[in-house]
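Structural features, examined
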Amino acid sequence: MLITCPECGGKEMSDQAYVCPNCGVPTGRVVGYEYSSAGSL
Ligand SMILES: [Zn+2]
């Protein structure tokens, strides 16, 4: 599935990517992981 980078605001990228290939910002995948870690504390 393709997602839109919140930083670039236009470039579509795969949600399988850990960072945006265009600007290098971490994707929701990484954010979701940190969310899970924080929730288990
Ligand atoms: Zn980007």
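Residues numbered from 1 in each chain as written. Predicted model: local features only at pLDDT ≥ 70, side-chain atom pairs only at ≥ 80, totals over all residues.

**Some words on the overall build of the chain**
When helices and strands are counted, the chain shows one helix and two strands. The N-to-C order of helical and strand elements in the chain reads β-β-α. In the chain, once contacts between residues fewer than 6 apart in sequence are set aside, the share between residues at least 24 apart is 6%. (Helix = DSSP H or I, 4+ residues; strand = E, 2+ residues; numbered from the N terminus. Contact = placed C-beta atoms within 7 Å.)

**Here we look at the environment of Val 25**
Its location among the elements puts Val 25 in the loop between β2 (12–14) and α1 (28–39). As a C-alpha pair, Val 25 and Cys 8 span 17 residues in sequence and 8.8 Å in three-dimensional space.

**Some words on the confidence of the model for the chain**
Confidence in the prediction of the chain, expressed as mean pLDDT, is 72, and 66% of residues score 70 or more. Across the chain, the element-wise mean pLDDT spans from 53 in α1 up to 85 in strand β1 (residues 2–4). (pLDDT = per-residue confidence, 0-100.)

**Re the environment of Cys 8**
Structurally, Cys 8 is set in the loop between β1 and β2. Overall, the presence of 14 C-beta atoms within 10 Å leaves Cys 8 in the partly exposed class. Look past the residues within four positions of Cys 8 in its chain and what remains in contact with it is Cys 20, Asn 22 and Cys 23. (Buried ≥ 20, exposed ≤ 12 C-beta atoms within 10 Å, placed from the backbone.)

**Overview of the environment of Thr 4**
Considering the arrangement of structural elements, one finds Thr 4 in strand β1. With 23 residues separating them in the primary sequence, Thr 4 and Thr 27 have C-alpha atoms 9.3 Å apart.

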